[in-house]
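Each chain, written out:
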Amino acid sequence: MSTLGEELISNERVALTELVKNAYDADASLVVIRFNAPLDEGVGSIEVWDDGHGMSPETVRGTWMEIATPYRHRRPRSEELGRRVLGAKGIGRFSAARLALVTSLATSRGDGQEVTLRLDWGRFSDEDAYLDQVPVNWSVRSPKVFSVGGEAEQLFDEVAAEFRTCAPARQDRNPHGTVVRLEGLRQRWGAESIETLKRSLSRLLPPPPPAELDVPDRPEFSIYIETPPGELQHYSGFVSASEALAHPHYRLVGTVDTDGQAHLTLTATGVDEELVIHEDLRQGTKFPTCGPVKLDIRTWDLDSGSLRKLLKIDLGARNISEVRRLIRGNSGVALYRDGFRIQPFGETGYDWLEFDQRRVNNPTMRFSNNQVAGFVYISADGNPGLRDRSHREGLIDSPEYEELRRVLLQAVSRLEAWRYKLRRPEPAEPPEGQLLAPTSEGGGHGVFQTFTLDPLRDVVNQRYPDDLVLGRALDEATEAINDGVQKVQEIISQFSRLATLGTLVDVVLHDGRAALTRIAYVLRRLNKLVKGTSEQDPDLSAALGKVHTDFSAQEKALDRLFTRVEPLSGRQRGRPKNISLHEAIDEAVSVHEAELTKQGITVTVGGDDVTVTAEPSDIAQVILNLVGNSIYWLSTLPDEADRSIIITTGRTPEGEVDIDVADSGPGVREEIRDLIFDTYFSDKPDGIGLGLSIAGSVVKDFYDGDLYLVSPGPLAGACFRARLRRRVG
């Protein structure tokens, strides 16, 4: 019982949520969570009231007191309203053991009988006892709690007087429902824990979805929290979604069908036109295994300038800092099955789509988890592969779950790309389809230590301690500076990591070649041993000979690998030499050999084999990045699709040298063609956005060239052309 109850539930908030879910399954329209002081460990109590259909004595004894019954599997819909029930494993009610030492229950179906029950969870601590040896006090009596004019009716009438969620109880029978009293609390409930509970419950049901999603109407179900008089009294009231959720800066609404077809609509505050995307999200398989998905993703820019506009809306926030806290407090992508949230999806800080990691890799484009509020809708019937874990938090790690994450990230990446385009300043005289070499200034992060208003703040605090307007203006200025500095630091950090790549390759080459030298020495000794044992033990000699052959092949393979990656090292560039472009391209493509084979991609190198005066690592950098991009986009095609890459070289009449890399992938979407050469822009869900930037930098810096997107190319997908103008004689 301890394993199923207090030990299986991660925290008290989840335990209370389980009891609320039970009320929902009982067709309740109103749940009241009442906190009774003192709310300290070992004392106090919590009551969970609902106006559901209640339980009969037979249900209490045969279902409520039975562990893991198949009751919900046999009856997946509630008995009166036909709700898709949330309980499935038959153990959620035991979460009460996490909340308190004693659980007492009173329930009635309004038929003249009331069942009472009392469980002392401490009695289950005897490890040698069987369940039927633990006394449980329960009885059947005439209604008292759920009688006409009784405690339940008075409570529901008092709460519903302000906001009635359903028609009054029928007059032909007594009030009905269930109350669970949790006595002797296992933890102290203070302002922070109650506020966290209220915020969590506020997302138990999604806000009204957009009409175009065709999500079933939100069930008539309300939650009311009643707190004791005093410092916690202001938490009393109905649980409702934050007003901030209704005013996102950017929004994505759409569906992904069972065949992988996505239909997405993107909107933004202050932008009249919306962007509609119809896209095939299949990736190698015919259909996404997760099933159909409906999604509503809302995002915000957290810089001071963007948040200042929200202050004009009544969000219950007084300044920019409070608006930011309000958004972060409601952030997270929630997952709703049949209209009810699956824990812990949507909890603040539960970053199940790894937004924060994506942002670390690409801070310019990606959203962080604290600026996204998402609502994803699935159903038990339409998504049977997405199954709950036994401890009622999260979904089982399965191919269907991973496919759901992939589909959602692909959709979100479209919103990120559109947001980037809207926020991107128009460059002066932008070159047509061309990459300009990115520029950067050196210097450590210590330079930002001078960007502080602390001296000014000290003066203001001393001379004008009571000037709230001046203090608020100073806070907003500080936030604006901090936002800007953080973004610059993130970008410089990216380049810093990139600069260490060459050093890392140097270390790998140094240590790896040292190990190869030792391996070669051991192999020579092994070869002598093979020859010395050939006459005394032919079988042993043959076995040793096979080992020698296998290890020699692996030693040569490692040596070839080190030779291939050597151009990427950080060593000083040597004097350019005459090289064959085809040979340099073949060597670079061979680095991707394993992935090309895995994805079934054919690579053809054609055109004139031009000889150029170049550093081999330069050609490798260009080819590795362009071919790497092609491999990714080709991998997104269905299995039966053609997967080809054609690399063509040639010399123009003006003496310039062109290297074209074309593929049969999906190509570059029209709306982002003017963005793809921007540093950190990427259309991949987890892309960093440096591949084209690196390739373009090499072409521009060392060969006075340009990188173009050629349209149309020889194949159906994208075609990039690197044009070299220097050292091409």
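Above this text is the structure in question.
Note that the structure is a prediction, hence the values are computed from the model and not measured.

**Q** Please explain the pattern of salt bridges as it appears in this structure.
**A** Any two side chains of opposite charge can pair, on the condition that their charged atoms come close. On inspection of all chains with the given rule, the structure shows 41 salt bridges. Where Arg414 meets Asp683, a salt bridge forms, and the shortest distance between an N and an O atom there is 3.2 Å. Here Asp683 lies in the loop between β20 (657-663) and α17 (691-703) and Arg414 lies in helix α10 (residues 399-423), a separation of 269 residues in the sequence.

**Q** It is not clear to me how the packing of helix α16 (residues 616-635) against α17 should be interpreted in this structure. Could you clarify?
**A** Axis separation between α16 and α17 bottoms out at 9 Å; the angle between their running directions is 150°. Taken together, α16 and α17 sit at an angle that is classed as roughly antiparallel. The element α16 and its partner α17 pack so that their crossing is left-handed. In contact with Asp618, Gln621, Val622, Asn625, Leu626 and Asn629 of α16, α17 contributes Gly691, Leu692, Ile694, Ala695, Val698, Val699, Phe702 and Tyr703. When grouped by side-chain class, the residues that make up the contact of α16 with α17 number 9 nonpolar, 4 polar and 1 charged.

**Q** I keep staring at the environment of Glu114 and nothing clicks. Help me out?
**A** Along the polypeptide, Glu114 turns up in strand β4 (residues 114-120). Classification of Glu114 as buried rests on a relative accessible area of 0%. Taking C-alpha positions, Glu114 is 4.9 Å from Pro143, a pair spaced 29 residues apart along the chain. Those residues in contact with Glu114 that sit more than four places away from it in its chain are Thr107, Ser108, Ser139, Val140, Arg141, Ser142, Pro143, Lys144, Val145 and Phe146. Side-chain polar atoms of Glu114 contact the backbone nitrogen of Lys144, separated by 3.3 Å.

**Q** Help me understand the packing of aromatic side chains, please; the structure alone is not making it clear to me.
**A** To describe a pair of aromatic rings, you give the distance between the ring centres and the angle between the ring planes. One pass over the structure, following the stated rule, counts 15 aromatic pairs. Ring centres of Trp49 and Phe146 lie 6.3 Å apart, and the angle between their planes is 55°; on these two criteria the pair is classed as tilted. Highlighted residues: Trp49 in strand β2 (residues 45-50) and Phe146 in the loop between β5 (137-141) and α5 (151-160), separated in sequence by 97 residues. For the residue pair Trp49 and Phe146, the accessibility class agrees, reading buried in each case. Joined through ring pairs, the aromatic side chains of Phe345, Tyr350, Trp352 and Tyr401 make up one cluster. Here the guanidinium or amino end of Arg83 rests over the ring plane of Tyr24, the centre of that ring lying 4.5 Å away.

**Q** Can you help me understand the environment of Val657 in this one?
**A** With respect to the helices, strands and loops of the structure, Val657 is situated in strand β20. A relative accessible area of 0% means that Val657 is categorised as buried. For the pair formed by Val657 and Gly729, sequence separation is 72 residues and the distance between their alpha carbons is 9.2 Å. Apart from residues lying up to four places away in sequence, Val657 is in contact with Leu581, Val610, Val612, Gly650, Arg651, Ala722, Arg723, Leu724 and Val728.

**Q** Could you clarify how one ought to interpret the sheet that holds strand β11 (residues 275-280) in this entry?
**A** The strands making up a sheet associate through hydrogen bonds between their backbones, and the pairing can be parallel or antiparallel. Here we have 7 strands laid out as an open sheet, ordered β11-β10-β9-β12-β15-β13-β14, and mixed in their pairing. A single partner strand is all that each edge strand has here, and the edge strands are β11 and β14 (340-341). In this structure, strand β9 (residues 250-256) lies alongside strand β10 (residues 261-268), joined through 7 bridges in antiparallel fashion. Counted as the bridge partner of Gly254 is Leu264 from β10.

**Q** Looking at this structure, I do not really get a positive patch on the surface. What am I missing?
**A** Together, Arg518, Arg524, Arg525 and Lys528 make up a region of like positive charge exposed at the surface. Following the sequence through the fold, Arg524 ends up in helix α12 (residues 468-532).

**Q** Any chance you could explain α5 here in plain terms?
**A** Each full turn of the α-helix corresponds to 3.6 residues, which orients residues three or four apart in the same direction. Those residues of α5 that fall on the buried side of the exposure criterion are Ala152, Leu155, Phe156, Val159 and Ala160. Along α5, the residues classed as buried sweep out an arc of 115° about the axis, all on the same side. In this structure, α5 carries Gln154 and Glu158 as exposed residues pointing more than 90 degrees from its buried face. Where α5 is buried, its residues touch β1 (30-36), β2, β7 (222-226) and β8 (237-238).

**Q** What is the right way to read the sheet that holds β20 from this model?
**A** Pairing in this open sheet of 5 strands is mixed, and the strands run β17-β19-β20-β22-β21 from one edge to the other. A strand with exactly one partner marks an edge of an open sheet, and here the two such strands are β17 (602-607) and β21 (706-709). Here the average twist between neighbouring strands, direction ignored, is 15°. Bridge analysis of β20 against strand β22 (residues 719-724) gives 6 bridges, and the strand direction is antiparallel. Residue pairing in the sheet places Asp660 in a bridge with Arg721 of β22.

Definitions and cut-offs
Residues numbered from 1 in each chain as written. Predicted model: local features only at pLDDT ≥ 70, side-chain atom pairs only at ≥ 80, totals over all residues. Heavy atoms only, no water. Salt bridge = Lys/Arg side-chain N within 4 Å of Asp/Glu carboxyl O. Helix = DSSP H or I, 4+ residues; strand = E, 2+ residues; numbered from the N terminus. Axes fitted to C-alpha atoms, helices over the stretch in contact; angles between N-to-C directions. Parallel < 35°, antiparallel > 145°, perpendicular 65-115°, else oblique. Left-handed = near helix turned anticlockwise from the far one by under 90°. Contact = heavy atoms within 4.5 Å. Nonpolar A, V, L, I, M, F, W, Y, C, P; charged D, E, K, R; others polar. Buried < 20%, exposed > 50% of the residue type's maximum accessible area, 1.4 Å probe, protein only. Polar contact = N/O pair within 3.5 Å; in protein donor to acceptor, adjacent residues only side chain to side chain. Phe/Tyr/Trp six-rings, centres within 6.5 Å; stacked < 30°, edge-to-face > 60°. Lys NZ or Arg CZ within 6 Å of the ring centre and 35° of its normal. Pairing = 2+ DSSP bridges. Patch = residues over 30% accessible without salt bridge, like charges linked within 9 Å, V, L, I, M, F, W, Y side chains within 5 Å. Areas by Shrake-Rupley, 256 points an atom, 1.4 Å probe, with all protein chains shown as cover. Lys, Arg positive; Asp, Glu negative; His and termini not counted. Charge placed at Lys NZ, Arg CZ, Asp CG, Glu CD. Arc of directions from axis to C-beta.

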